[in-house]
Amino acid sequence: MTPNAPSTFNNMLLIAGFECRKFLFNLRGMIALIAFALVWGILLLYPIQGASTLLMQPSIKDLIDGLLGNQALNVLFDWPVAEMAIFWCFALYLFPMFSILIAADQFASDKTRGTLRFYTLRTSKDSLLFGRFLGQLLIQSILILLTIIATIALALSRDASLLLPAISSGALVGVNVLIVILPFTAVMTLLSLYANTARQAMVLATILWTVVSIALLILGNESRLFVGLQWLLPGAQLSNMINTNGLNSLAYAPIPLLQTAIALFLGRVYFQRSQL
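Residues numbered from 1 in each chain as written. Predicted model: local features only at pLDDT ≥ 70, side-chain atom pairs only at ≥ 80, totals over all residues. Heavy atoms only, no water.

Draft legend 1. A look at the pattern of salt bridges. Evaluation of the coordinates by the stated rule reveals seven salt bridges. Several salt bridges converge on common partners, so that one network encompasses Glu 19, Lys 22, Asp 110, Arg 113 and Arg 132. (Salt bridge = Lys/Arg side-chain N within 4 Å of Asp/Glu carboxyl O.)

So this is what it looks like as structure tokens:
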């Protein structure tokens, strides 16, 4: 197996690079990028800029403490850059949604057209599986980086002295958001192997999250099964991460990393046993 390892790894990197170029330079990818830019442009110019202005007012902190309690969102007011704090709240929930949309067609269309079998004749299934997963992460990393740069620019337009705090906060936000989207991308890798179209993969993802969410509501917080089932669902830790900042947010990293490993393991088992 050792002689094949470099070839498998190199093929994985080539596939990841190809996936990234395919998204960035074809028509469908460019349309997705334009839509993404428009959505985040509107968010940055209106909700994020407006909310960051409010976040700097002491009266708003008193109002939130009165409505939600002293410990509900108190850490948000400790962020060195208000714009990055509001971006953090939006990014934690919006990027997983984008991840589901972007990563839904990793294998489905190729499987329907029959090209997936053609690819597996020229490279290993492991190279294809992990290469495409890595490619999706590269694409989303670029999107995360672009939005963080735009948020830093927004903060600097208010106060140029925020450059270093904005860069350090942005770097930590980027790492945390990337870790958060790992299991979402991995689950879509698994579902796209099973589905015949990207739309079907998204429907399956919707059903999965809905069924598990309803099960959690039925079980209630006191059930022992609730604890185990809760952490099976990607994004279960997001509500707890909102009221964190800096390195403290990385305390939740083991949860998505474990979820990612499980989803990729199931995807690999399914892919190896599937008849294309």
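Draft legend 2. How the structure looks around the packing of helix H8 (residues 163-194) against helix H12 (residues 254-273). Put simply, H8 and H12 touch, their axes get as near as 8 Å, and they point 15 degrees apart. Our classification of the angle between H8 and H12 gives roughly parallel. In this structure, H8 crosses over H12, and the sense of that crossing is left-handed. Here H8 contributes Ile 179, Leu 182, Pro 183, Ala 186, Val 187, Leu 190, Leu 193 and Tyr 194 to the contact with H12, which in turn contributes Pro 256, Leu 257, Gln 259, Thr 260, Ala 263, Leu 264, Leu 266, Gly 267, Tyr 270 and Phe 271. Taken together, the residues of the contact of H8 with H12 sort by class into 15 nonpolar, three polar and no charged. (Axes fitted to C-alpha atoms, helices over the stretch in contact; angles between N-to-C directions. Helix = DSSP H or I, 4+ residues; strand = E, 2+ residues; numbered from the N terminus. Parallel < 35°, antiparallel > 145°, perpendicular 65-115°, else oblique. Left-handed = near helix turned anticlockwise from the far one by under 90°. Contact = heavy atoms within 4.5 Å. Nonpolar A, V, L, I, M, F, W, Y, C, P; charged D, E, K, R; others polar.)

Draft legend 3. Quick peek at the layout of surface pockets. Computed from the structure, the largest pocket encloses a volume of approximately 440 Å³. What lines the largest pocket is a set of 20 residues, and nearest its centre among them are Phe 23, Arg 28, Ile 102, Asp 105 and Gln 136. Mapped by element, the contributors of at least two residues to the lining of the largest pocket are helix H1 (4-25), helix H2 (27-55), helix H4 (82-102), helix H5 (108-113), helix H7 (125-158) and helix H9 (198-219). Looking at the lining of the largest pocket, its residues break down into eight nonpolar, five polar and seven charged. Roughly 360 Å³ of internal volume is contained in the second largest pocket. The wall of the second largest pocket is formed by 17 residues, among which Val 187, Leu 232, Leu 233, Pro 234 and Ile 262 lie closest to the centre. Taken together, the elements giving at least two residues each to the lining of the second largest pocket come down to H8, H9 and H12. (1 Å grid on protein atoms, 1.4 Å probe; cavity = no way out; pocket = protein on both sides within 12 Å on 5 of 7 lines; lining within 4 Å. Points joined across faces, edges and corners; volume = space filled by probe spheres on them.)

Draft legend 4. Structural detail: the environment of Phe 133. Note that Phe 133 resides in helix H7. Measuring from C-alpha to C-alpha, the distance between Phe 133 and Thr 185 comes to 7.1 Å, with 52 residues separating the pair along the chain. Excluding residues within four positions of it along the chain, Phe 133 makes contact with Gln 106, Leu 182, Thr 185, Ala 186, Thr 189, Thr 260 and Leu 264.

Draft legend 5. The packing of aromatic side chains, seen in detail. Inspection of every chain in the model, using the stated rule, returns eleven aromatic pairs. Connected via pairs of aromatic rings, a cluster forms that spans Phe 36, Trp 40, Phe 87, Phe 95 and Phe 98. (Phe/Tyr/Trp six-rings, centres within 6.5 Å; stacked < 30°, edge-to-face > 60°.)

Draft legend 6. View of H2. Look at H2: 40 Å from first C-alpha to last across 29 residues, which is about the 42 Å you get at 1.5 Å a residue. Taking the largest bend as the criterion, H2 deviates by roughly 40 degrees, centred on Leu 44, and proline Pro 47 comes between one and four positions later. For H2, the full list of buried residues reads Gly 29, Phe 36, Trp 40, Leu 43, Leu 44, Ile 48, Ser 52 and Leu 55. (Expected span 1.5 Å × (residues − 1). Bend = angle between axes of the 7 residues up to and from the residue. Buried < 20%, exposed > 50% of the residue type's maximum accessible area, 1.4 Å probe, protein only.)

Draft legend 7. Just the side chain of Gln 106, in detail. Along the polypeptide, Gln 106 turns up in the loop between H4 and H5. Taking relative accessible area as the criterion, Gln 106 reaches 1% and is therefore assigned buried. Among the polar contacts made by the side chain of Gln 106, one reaches the main-chain carbonyl oxygen of Ala 103 at a distance of 3.1 Å. Here Thr 185 takes part through its backbone oxygen, which lies 3.5 Å from a polar atom of the side chain of Gln 106. Excluding its chain neighbours within four sequence positions, the residues that come into contact with Gln 106 are Arg 132, Phe 133, Gln 136, Thr 185, Met 188, Thr 189 and Ser 192. (Polar contact = N/O pair within 3.5 Å; in protein donor to acceptor, adjacent residues only side chain to side chain.)

Draft legend 8. Up close: a nonpolar patch on the surface. Together, Leu 258, Ile 262, Phe 265 and Leu 266 give the surface a local cluster of nonpolar side chains, amounting to about 410 Å² of exposed area. Its place among the elements puts Leu 258 in helix H12. (Patch = residues over 30% accessible without salt bridge, like charges linked within 9 Å, V, L, I, M, F, W, Y side chains within 5 Å. Areas by Shrake-Rupley, 256 points an atom, 1.4 Å probe, with all protein chains shown as cover.)

Draft legend 9. Spotlight on the packing of H8 against H9. One can describe the packing of H8 onto H9 by two numbers: an axis separation of 9 Å at closest approach and a directional angle of 120 degrees. Judged on the interaxial angle alone, H9 and H8 are oblique. Of the two possible hands of crossing, H8 and H9 adopt the one that is right-handed. Contact with H8, carried on its side by Phe 184, Val 187, Met 188, Leu 191, Ser 192 and Tyr 194, involves Ala 201, Met 202, Leu 204, Ala 205, Leu 208 and Trp 209 of H9 and no other residues of that element.

Draft legend 10. The arrangement of the nonpolar core in detail. One finds Trp 40, Phe 87 and Phe 95 to be the most contacted residues of the largest nonpolar core, which totals 58 residues. Of all the secondary structure elements, the ones that give two or more residues to this core are H2, helix H3 (58-68), H4, H7, H8, H9, helix H11 (238-241) and H12. The element contributing the most residues to this core is H4, with twelve residues. Excluding anything up to four places from it in sequence, Trp 40 contacts Ile 48, Phe 87, Phe 90, Ala 91, Leu 94, Phe 95, Phe 98 and Thr 147. Within the second largest apolar cluster, seven residues are counted, among which are Phe 107, Leu 116, Leu 128 and Leu 129. (Core = buried A, V, L, I, M, F, W, Y, C linked by side-chain atoms within 4.5 Å.)

Note that every value here comes from positions in space, so none of it alone points to a role or purpose.
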